[in-house]
Amino acid sequence: MNCIIVDDEATARAIVEKLCNQFSELDLIDQFDNAIDAIKFLNQHQIDVIFLDIHMPGFSGIDFVQTLKNPPKIVLTTSDTDFAIAAYEYEAIVDYLVKPISADRFEKSIQKIKNTSIHIPVESNLNPRSDATNGDLYINIDRRLIKLKLHEILIIEAQGDYIVIKTTKTNYRVHTTLKKIKEKLPNKTFLQIHRSYIINFTKIIDIEDNSVLIEKSVIPISRSNRPELMRRLNLL
Amino acid sequence: MEQPNLNYIKELAGGDKEFELNFIQILKNELPVEVEQYSNYILNDELELASTVVHKLKHKFNILSMENAYSYAVKYEEELKQGITEMDSEFKLILNQVLEYLTTL
(Lines give C-alpha, C1' and ligand atoms only; values in the text may rest on other atoms or scores of the structure.)
Protein backbone atom coordinates (compact mmCIF):
# COMPACT_ATOMS: atom_id res chain seq x y z
CA MET A 1 0.00 0.00 0.00
CA ASN A 2 1.36 3.39 -1.01
CA CYS A 3 1.14 5.88 1.84
CA ILE A 4 2.04 9.46 2.73
CA ILE A 5 2.39 11.35 6.01
CA VAL A 6 0.92 14.81 6.54
CA ASP A 7 1.99 16.46 9.80
CA ASP A 8 3.50 19.86 10.57
CA GLU A 9 5.75 18.42 13.31
CA ALA A 10 9.03 16.85 12.19
CA THR A 11 9.16 14.63 15.30
CA ALA A 12 5.69 13.25 14.56
CA ARG A 13 6.61 12.55 10.93
CA ALA A 14 9.78 10.77 12.05
CA ILE A 15 7.78 8.52 14.38
CA VAL A 16 5.23 7.53 11.75
CA GLU A 17 8.01 7.01 9.19
CA LYS A 18 9.79 4.66 11.59
CA LEU A 19 6.57 2.74 12.20
CA CYS A 20 5.78 2.53 8.47
CA ASN A 21 9.22 1.09 7.80
CA GLN A 22 8.46 -1.77 10.18
CA PHE A 23 5.66 -3.05 7.93
CA SER A 24 6.60 -4.45 4.55
CA GLU A 25 3.06 -3.92 3.22
CA LEU A 26 3.46 -0.15 3.60
CA ASP A 27 5.43 1.81 1.03
CA LEU A 28 6.02 5.34 2.29
CA ILE A 29 6.04 7.49 -0.85
CA ASP A 30 6.40 10.97 0.61
CA GLN A 31 5.73 13.19 3.60
CA PHE A 32 4.45 16.76 3.92
CA ASP A 33 4.52 19.40 6.62
CA ASN A 34 1.36 21.10 5.32
CA ALA A 35 -1.97 20.11 3.80
CA ILE A 36 -1.77 22.25 0.65
CA ASP A 37 1.37 20.51 -0.63
CA ALA A 38 -0.21 17.16 0.15
CA ILE A 39 -3.35 18.04 -1.84
CA LYS A 40 -1.23 19.06 -4.82
CA PHE A 41 0.60 15.74 -4.57
CA LEU A 42 -2.65 13.80 -4.34
CA ASN A 43 -3.94 15.50 -7.48
CA GLN A 44 -1.10 13.86 -9.37
CA HIS A 45 -0.53 10.56 -7.57
CA GLN A 46 -2.53 7.51 -6.55
CA ILE A 47 -2.17 6.86 -2.82
CA ASP A 48 -3.77 4.13 -0.70
CA VAL A 49 -3.30 5.48 2.82
CA ILE A 50 -2.71 8.88 4.43
CA PHE A 51 -1.44 9.28 7.99
CA LEU A 52 -2.88 12.68 8.76
CA ASP A 53 -2.40 15.05 11.68
CA ILE A 54 -5.59 16.84 12.71
CA HIS A 55 -3.99 19.94 14.21
CA MET A 56 -2.16 21.87 11.55
CA PRO A 57 -1.93 25.65 11.27
CA GLY A 58 -4.43 27.23 8.90
CA PHE A 59 -5.79 24.04 7.38
CA SER A 60 -6.80 21.27 9.76
CA GLY A 61 -6.86 17.56 9.07
CA ILE A 62 -10.66 17.61 8.98
CA ASP A 63 -10.57 20.47 6.43
CA PHE A 64 -8.16 18.34 4.45
CA VAL A 65 -10.46 15.32 4.49
CA GLN A 66 -13.40 17.46 3.34
CA THR A 67 -11.33 18.77 0.44
CA LEU A 68 -10.41 15.38 -1.00
CA LYS A 69 -12.58 14.30 -3.89
CA ASN A 70 -11.81 10.58 -3.92
CA PRO A 71 -10.08 10.13 -0.60
CA PRO A 72 -7.86 7.16 0.08
CA LYS A 73 -8.00 5.47 3.49
CA ILE A 74 -7.07 7.93 6.19
CA VAL A 75 -5.59 7.33 9.61
CA LEU A 76 -5.79 10.40 11.81
CA THR A 77 -2.99 11.15 14.25
CA THR A 78 -3.32 13.64 17.07
CA SER A 79 -2.27 14.51 20.59
CA ASP A 80 -5.78 14.43 22.02
CA THR A 81 -9.01 12.51 21.65
CA ASP A 82 -11.45 15.40 21.24
CA PHE A 83 -11.94 14.81 17.53
CA ALA A 84 -12.56 11.08 17.68
CA ILE A 85 -16.33 11.23 17.22
CA ALA A 86 -16.21 13.87 14.48
CA ALA A 87 -13.50 11.91 12.70
CA TYR A 88 -15.62 8.81 12.25
CA GLU A 89 -18.31 10.82 10.46
CA TYR A 90 -16.09 10.52 7.39
CA GLU A 91 -16.10 7.18 5.68
CA ALA A 92 -12.52 7.52 4.49
CA ILE A 93 -11.23 7.75 8.07
CA VAL A 94 -10.51 4.20 9.13
CA ASP A 95 -8.63 4.78 12.37
CA TYR A 96 -7.54 7.35 14.91
CA LEU A 97 -4.13 7.20 16.60
CA VAL A 98 -3.26 9.18 19.70
CA LYS A 99 0.33 10.40 19.90
CA PRO A 100 2.83 9.19 20.86
CA ILE A 101 1.94 6.17 18.78
CA SER A 102 3.08 2.76 19.99
CA ALA A 103 4.16 -0.01 17.62
CA ASP A 104 1.40 -2.29 18.92
CA ARG A 105 -1.31 0.26 18.29
CA PHE A 106 0.12 1.05 14.86
CA GLU A 107 0.00 -2.62 13.93
CA LYS A 108 -3.69 -2.78 14.85
CA SER A 109 -4.25 0.21 12.63
CA ILE A 110 -2.61 -1.57 9.69
CA GLN A 111 -5.01 -4.47 10.20
CA LYS A 112 -7.95 -2.03 10.19
CA ILE A 113 -6.69 -0.50 6.96
CA LYS A 114 -6.49 -3.92 5.33
CA ASN A 115 -9.95 -4.92 6.52
CA THR A 116 -11.76 -1.72 5.57
CA SER A 117 -13.17 -0.95 2.17
CA ILE A 118 -14.42 2.50 1.22
CA HIS A 119 -17.63 2.92 -0.73
CA ILE A 120 -18.09 6.23 -2.48
CA PRO A 121 -21.75 6.55 -3.51
CA VAL A 122 -22.90 7.75 -6.91
CA GLU A 123 -25.34 10.52 -6.10
CA SER A 124 -27.15 11.28 -9.31
CA ASN A 125 -27.39 11.03 -13.08
CA LEU A 126 -28.86 12.61 -16.21
CA ASN A 127 -28.46 16.00 -17.77
CA PRO A 128 -28.11 19.51 -16.52
CA ARG A 129 -30.52 22.19 -17.67
CA SER A 130 -29.82 25.81 -17.22
CA ASP A 131 -31.34 29.20 -17.21
CA ALA A 132 -28.21 31.26 -17.21
CA THR A 133 -30.14 34.45 -17.72
CA ASN A 134 -31.58 34.08 -14.23
CA GLY A 135 -28.26 32.95 -12.77
CA ASP A 136 -29.59 29.44 -12.16
CA LEU A 137 -28.69 25.97 -13.37
CA TYR A 138 -31.08 23.03 -13.07
CA ILE A 139 -29.63 19.56 -12.70
CA ASN A 140 -31.61 16.36 -12.85
CA ILE A 141 -30.92 14.13 -9.86
CA ASP A 142 -33.07 11.06 -9.29
CA ARG A 143 -35.85 12.55 -11.47
CA ARG A 144 -35.88 15.77 -9.47
CA LEU A 145 -34.79 19.04 -10.98
CA ILE A 146 -32.57 20.76 -8.48
CA LYS A 147 -31.82 24.44 -8.87
CA LEU A 148 -28.26 25.57 -8.34
CA LYS A 149 -27.35 29.22 -8.07
CA LEU A 150 -24.54 29.85 -10.55
CA HIS A 151 -22.74 32.14 -8.13
CA GLU A 152 -22.61 29.29 -5.61
CA ILE A 153 -20.78 26.96 -7.99
CA LEU A 154 -17.06 26.80 -7.23
CA ILE A 155 -15.59 24.01 -9.34
CA ILE A 156 -16.79 21.44 -11.84
CA GLU A 157 -14.71 18.35 -12.24
CA ALA A 158 -14.92 15.61 -14.86
CA GLN A 159 -14.92 12.11 -13.40
CA GLY A 160 -15.32 9.54 -16.17
CA ASP A 161 -18.89 9.65 -17.46
CA TYR A 162 -19.86 12.04 -14.67
CA ILE A 163 -19.12 15.54 -13.52
CA VAL A 164 -18.94 16.67 -9.91
CA ILE A 165 -20.33 20.14 -9.29
CA LYS A 166 -18.82 21.54 -6.12
CA THR A 167 -20.81 24.40 -4.62
CA THR A 168 -20.44 26.48 -1.50
CA LYS A 169 -22.98 24.20 0.20
CA THR A 170 -22.49 20.67 -1.14
CA ASN A 171 -21.34 18.56 -4.08
CA TYR A 172 -23.49 17.06 -6.86
CA ARG A 173 -22.54 14.17 -9.10
CA VAL A 174 -24.24 14.38 -12.48
CA HIS A 175 -24.15 12.04 -15.47
CA THR A 176 -22.98 14.38 -18.21
CA THR A 177 -19.81 15.77 -19.73
CA LEU A 178 -17.74 18.82 -19.00
CA LYS A 179 -18.27 19.92 -22.60
CA LYS A 180 -22.06 19.89 -22.23
CA ILE A 181 -22.17 21.83 -18.99
CA LYS A 182 -19.66 24.32 -20.32
CA GLU A 183 -22.17 25.31 -22.99
CA LYS A 184 -24.70 26.15 -20.25
CA LEU A 185 -22.40 28.38 -18.24
CA PRO A 186 -21.69 32.09 -18.76
CA ASN A 187 -18.20 32.60 -20.21
CA LYS A 188 -17.52 35.68 -18.17
CA THR A 189 -17.75 33.74 -14.89
CA PHE A 190 -16.64 30.23 -15.74
CA LEU A 191 -13.41 29.13 -17.31
CA GLN A 192 -11.99 25.74 -18.19
CA ILE A 193 -8.43 25.66 -16.86
CA HIS A 194 -7.72 21.96 -17.32
CA ARG A 195 -9.24 19.15 -19.38
CA SER A 196 -10.90 17.92 -16.16
CA TYR A 197 -11.79 21.22 -14.50
CA ILE A 198 -14.00 24.24 -15.02
CA ILE A 199 -13.76 26.86 -12.31
CA ASN A 200 -15.83 29.81 -11.22
CA PHE A 201 -13.35 32.49 -12.09
CA THR A 202 -14.67 34.86 -9.40
CA LYS A 203 -13.92 32.39 -6.60
CA ILE A 204 -10.15 32.21 -7.09
CA ILE A 205 -8.25 32.93 -3.88
CA ASP A 206 -4.77 32.73 -5.32
CA ILE A 207 -2.74 31.36 -8.20
CA GLU A 208 0.57 29.66 -7.72
CA ASP A 209 2.71 28.17 -10.48
CA ASN A 210 0.41 25.73 -12.24
CA SER A 211 -2.53 25.65 -9.82
CA VAL A 212 -5.31 27.84 -8.47
CA LEU A 213 -6.76 27.78 -4.97
CA ILE A 214 -10.55 27.95 -4.69
CA GLU A 215 -11.83 27.66 -1.14
CA LYS A 216 -9.76 24.73 0.06
CA SER A 217 -9.28 23.00 -3.28
CA VAL A 218 -6.12 23.21 -5.32
CA ILE A 219 -6.92 22.90 -9.03
CA PRO A 220 -4.26 22.28 -11.69
CA ILE A 221 -3.93 24.64 -14.67
CA SER A 222 -2.97 23.04 -17.95
CA ARG A 223 -0.34 24.75 -20.06
CA SER A 224 -2.74 25.34 -22.96
CA ASN A 225 -5.37 27.02 -20.74
CA ARG A 226 -2.99 29.18 -18.74
CA PRO A 227 -2.75 32.08 -21.28
CA GLU A 228 -6.55 32.56 -21.25
CA LEU A 229 -6.60 32.54 -17.45
CA MET A 230 -3.80 35.10 -17.29
CA ARG A 231 -5.53 37.23 -19.91
CA ARG A 232 -8.66 37.44 -17.80
CA LEU A 233 -6.85 38.42 -14.60
CA ASN A 234 -7.04 42.01 -13.52
CA LEU A 235 -3.28 42.13 -13.06
CA LEU A 236 -1.64 45.06 -11.32
CA MET B 1 9.18 17.84 39.14
CA GLU B 2 9.21 14.71 36.95
CA GLN B 3 12.28 13.93 34.91
CA PRO B 4 12.12 13.55 31.11
CA ASN B 5 13.47 10.29 29.71
CA LEU B 6 14.04 8.49 26.41
CA ASN B 7 12.04 5.34 27.20
CA TYR B 8 9.52 5.87 24.41
CA ILE B 9 12.19 6.75 21.85
CA LYS B 10 14.28 3.70 22.76
CA GLU B 11 11.25 1.44 22.58
CA LEU B 12 10.33 2.84 19.18
CA ALA B 13 13.92 2.52 17.95
CA GLY B 14 14.08 -1.13 19.02
CA GLY B 15 17.86 -1.01 19.12
CA ASP B 16 18.19 1.07 15.95
CA LYS B 17 20.84 3.49 17.24
CA GLU B 18 20.92 5.50 14.04
CA PHE B 19 17.20 6.23 14.29
CA GLU B 20 17.59 7.09 17.96
CA LEU B 21 20.32 9.65 17.28
CA ASN B 22 18.50 11.12 14.28
CA PHE B 23 15.30 11.44 16.24
CA ILE B 24 17.00 13.16 19.17
CA GLN B 25 18.54 15.60 16.72
CA ILE B 26 15.12 16.35 15.22
CA LEU B 27 13.79 16.94 18.73
CA LYS B 28 16.74 19.21 19.52
CA ASN B 29 16.07 21.19 16.38
CA GLU B 30 12.30 21.45 16.67
CA LEU B 31 11.63 21.95 20.36
CA PRO B 32 13.67 25.14 20.96
CA VAL B 33 11.98 26.76 17.94
CA GLU B 34 8.56 25.97 19.39
CA VAL B 35 9.59 27.26 22.81
CA GLU B 36 10.69 30.52 21.24
CA GLN B 37 7.45 30.76 19.26
CA TYR B 38 5.49 30.21 22.44
CA SER B 39 7.39 32.94 24.30
CA ASN B 40 6.91 35.40 21.47
CA TYR B 41 3.18 34.73 21.22
CA ILE B 42 2.77 35.22 24.97
CA LEU B 43 4.85 38.40 24.82
CA ASN B 44 2.66 39.76 22.03
CA ASP B 45 -0.55 38.61 23.72
CA GLU B 46 -1.37 36.30 20.78
CA LEU B 47 -2.91 33.68 23.01
CA GLU B 48 -4.77 31.65 20.38
CA LEU B 49 -1.49 31.17 18.52
CA ALA B 50 0.26 30.40 21.82
CA SER B 51 -2.29 27.64 22.43
CA THR B 52 -1.44 26.02 19.07
CA VAL B 53 2.22 25.87 20.09
CA VAL B 54 1.33 24.45 23.51
CA HIS B 55 -0.56 21.77 21.59
CA LYS B 56 2.65 20.80 19.79
CA LEU B 57 4.74 21.01 22.95
CA LYS B 58 2.47 18.63 24.81
CA HIS B 59 3.28 16.03 22.15
CA LYS B 60 6.96 16.52 22.96
CA PHE B 61 6.20 15.97 26.66
CA ASN B 62 4.56 12.69 25.73
CA ILE B 63 7.57 11.65 23.68
CA LEU B 64 9.75 12.33 26.72
CA SER B 65 7.36 10.37 28.97
CA MET B 66 6.40 13.45 31.01
CA GLU B 67 2.86 12.57 31.96
CA ASN B 68 2.38 15.36 34.51
CA ALA B 69 3.72 17.98 32.12
CA TYR B 70 1.41 16.63 29.43
CA SER B 71 -1.63 16.95 31.72
CA TYR B 72 -0.55 20.46 32.65
CA ALA B 73 -0.22 21.41 28.97
CA VAL B 74 -3.64 19.98 28.13
CA LYS B 75 -5.22 22.24 30.74
CA TYR B 76 -3.09 25.23 29.81
CA GLU B 77 -3.94 24.89 26.10
CA GLU B 78 -7.62 25.25 26.97
CA GLU B 79 -6.97 28.18 29.30
CA LEU B 80 -5.06 30.02 26.60
CA LYS B 81 -7.98 29.58 24.22
CA GLN B 82 -10.05 31.40 26.83
CA GLY B 83 -7.46 34.15 27.20
CA ILE B 84 -6.07 33.00 30.57
CA THR B 85 -2.29 33.00 31.05
CA GLU B 86 -1.96 32.24 34.76
CA MET B 87 -0.21 28.92 34.09
CA ASP B 88 2.53 30.58 32.03
CA SER B 89 5.18 30.79 34.77
CA GLU B 90 4.94 27.14 35.72
CA PHE B 91 4.81 26.13 32.05
CA LYS B 92 8.02 28.02 31.35
CA LEU B 93 9.72 26.15 34.19
CA ILE B 94 8.75 22.88 32.53
CA LEU B 95 10.03 24.14 29.17
CA ASN B 96 13.34 25.19 30.72
CA GLN B 97 13.67 21.78 32.31
CA VAL B 98 13.12 20.06 28.98
CA LEU B 99 15.55 22.36 27.16
CA GLU B 100 18.17 21.69 29.81
CA TYR B 101 17.60 17.95 29.46
CA LEU B 102 18.10 18.14 25.71
CA THR B 103 21.52 19.72 26.21
CA THR B 104 22.59 16.56 28.09
CA LEU B 105 21.77 14.27 25.15
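Counting restarts for each chain, with residues numbered from 1 along the sequence as it is written. In the order they appear in the text, chains get letters beginning with A and ligands get numbers beginning with 1. pLDDT decides what is reported in this predicted model: residues at 70 or higher carry local features, side-chain atom pairs at 80 or more are listed and counted, and totals for whole chains, interfaces and linings draw on all residues regardless.

Participant: When you look at the sheet that holds strand β5 (residues 93-98) of chain A in this model, what are you seeing that I'm missing?
Facilitator: Hydrogen bonds between backbone groups are what pair the strands of a sheet, and the pairing can be parallel or antiparallel. All names here are of chain A. With parallel pairing, five strands are arranged side by side in an open sheet as β2-β1-β3-β4-β5. Taken across any chain shown, the strands that pair with only one partner, and hence form the sheet edges, are β2 (27-32) and β5. The mean inter-strand angle of the sheet, taken between neighbouring strand axes irrespective of direction, is 20 degrees. The pairing of strand β1 (residues 2-6) with strand β3 (residues 49-53) spans four bridges and is classified as parallel. Note that in β3 the partner of Ile 5 across the bridge is Phe 51. Contact definition: two residues whose C-beta atoms, as placed from backbone geometry, lie within 7 Å. Helix axes are fitted to C-alpha atoms over the stretch in contact, other axes to C-alpha atoms as well, and angles between N-to-C directions run from 0 to 180 degrees. Helix and strand assignments come from DSSP, with helices taken as H or I runs of at least 4 residues and strands as E runs of at least 2, each series counted from the N terminus. Sheet strands in contact with helix α5 (residues 103-115) are β3, β4 (73-78) and β5, and its direction is about 175 degrees off that of β5. Pairing between two strands is assigned when DSSP locates at least 2 bridges connecting them.

Participant: Sorry, what's going on with the interface of chain B and chain A here?
Facilitator: When the parts of a complex come together, some accessible area is lost, and that lost area is often used as the size of the interface. Contact residues are listed per partner, giving 16 residues for chain B and 14 residues for chain A. Examining the composition of the side of chain B that touches chain A, we find that eight residues originate from one element, helix α3 (residues 47-63) of chain B, more than from any other.

Participant: Honestly, unusual backbone geometry in this entry has me stumped. Any pointers?
Facilitator: What is expected of a backbone is that most residues other than glycine have negative phi and most peptide bonds are trans. Going from Lys99(A) to Pro100(A), the amide bond is cis rather than trans, its omega being -5 degrees. Examined against the element boundaries, Pro100(A) turns out to sit in the loop between β5 and α5. Located in the positive-phi region is Glu215(A), a residue other than glycine, with phi close to 50 degrees. Structurally, Glu215(A) is set in the loop between β15 (211-214) and β16 (217-220). Unusually for a residue other than glycine, Ser65(B) sits at a positive phi of about 55 degrees. Mapped onto the secondary structure, Ser65(B) falls in the loop between α3 and α4 (67-81). Every C-beta atom is placed from the backbone, and the number of other C-beta atoms within 10 Å of a residue's own sets its class: buried at 20 or more, exposed at 12 or fewer, partly exposed in between. For Ser65(B), a count of 18 C-beta atoms within 10 Å translates into the label partly exposed.

Participant: Whenever I open this one, the sheet that holds β15(A) confuses me. Can you help?
Facilitator: Residues and elements named next belong to chain A. Ordered by their spatial adjacency, three strands build an open sheet running β14-β15-β16, and the pairing between neighbours is antiparallel. Only two strands of the sheet have a single neighbouring strand rather than two, namely β14 (204-208) and β16. Taken pair by pair, the neighbouring strands of this sheet meet at an average axis angle of 25 degrees, ignoring direction. Judged from the four bridges that link them, β15 and β16 form a sheet pairing that is antiparallel.

Participant: Would you mind showing me how to read the packing of α3(B) against α4(B) here?
Facilitator: Any two packed helices are characterised by the angle at which their axes cross and by the distance between the axes. All names here are of chain B. Orientation of α3 relative to α4, taken along the N-to-C sense of each, is 170 degrees, at an axis distance of 9 Å. Taken together, the axes of α3 and α4 lie roughly antiparallel to each other. Residue-level inspection shows Leu 47, Glu 48, Ala 50, Ser 51, Val 54, His 55, Leu 57, Lys 58, Phe 61 and Asn 62 of α3 in contact with α4, the latter providing Ala 69, Tyr 70, Ala 73, Val 74, Tyr 76, Glu 77, Leu 80 and Lys 81. As a working rule, the residues Ala, Val, Leu, Ile, Met, Phe, Trp, Tyr, Cys and Pro are called nonpolar, Asp, Glu, Lys and Arg charged, and the rest polar, with Gly in that last group. Looking at the contact of α3 with α4, its residues break down into 11 nonpolar, three polar and four charged. In these notes the angle categories are as follows: under 35 degrees is roughly parallel, over 145 is roughly antiparallel, 65 to 115 is roughly perpendicular, and the rest is oblique.

Participant: When you look at the packing of helix α1 (residues 10-21) of chain A against helix α2 (residues 17-43) of chain B in this model, what are you seeing that I'm missing?
Facilitator: Packing of α1(A) against α2(B) brings their axes to within 9 Å, and their N-to-C directions diverge by 160 degrees. When the axes of α1(A) and α2(B) are compared, the pair comes out roughly antiparallel. Helix-helix and strand crossings are classified by hand; for α1(A) and α2(B) the assignment is left-handed. Listed contacts from α2(B) to Ala10(A), Thr11(A), Ala14(A) and Lys18(A) of α1(A) are Phe19(B), Phe23(B), Ile26(B), Leu27(B) and Glu30(B). Here is the rule for handedness: rotate from the far helix to the near one, and if that takes an anticlockwise turn smaller than a right angle the crossing is left-handed, while a clockwise turn gives right-handed.

Participant: I'm lost on the pairing of strand β13 (residues 197-200) of chain A in this one. Help?
Facilitator: Looking down a regular strand, the side chains alternate between one sheet face and the other. Residue and element names in this part refer to chain A. On β13, burial covers both faces: Tyr 197 and Ile 199 on one face and Ile 198 and Asn 200 on the other are all buried. Pairing geometry for strand β9 (residues 153-159) and β13, over three bridges, is antiparallel. Bridging from a neighbouring strand, Glu 157 pairs with Tyr 197 of β13. When strand β12 (residues 190-194) meets β13, the two strands line up antiparallel, connected through four bridges. Among the inter-strand pairings, Gln 192 is bridged to a residue of β13, identified as Ile 198. Where β12 folds back on β13, the antiparallel hairpin that results is connected by two residues.

Participant: Even after reading the chapter, I still don't get α2(B), so can you show me in this structure?
Facilitator: Helical geometry note: an α-helix holds 3.6 residues per turn, so side chains three or four residues apart project in the same direction. All names here are of chain B. With 27 residues, α2 should cover 39 Å at 1.5 Å per step; its first-to-last C-alpha distance of 39 Å lies within 8% of that length. Listed in full, the buried residues belonging to α2 are Phe 23, Leu 27, Leu 31, Glu 34 and Tyr 38. Note on α2: the residue one or two positions beyond its end, Asp 45, has a positive phi of about 60 degrees. One fewer than the residue count of a helix, multiplied by 1.5 Å, yields its expected span.

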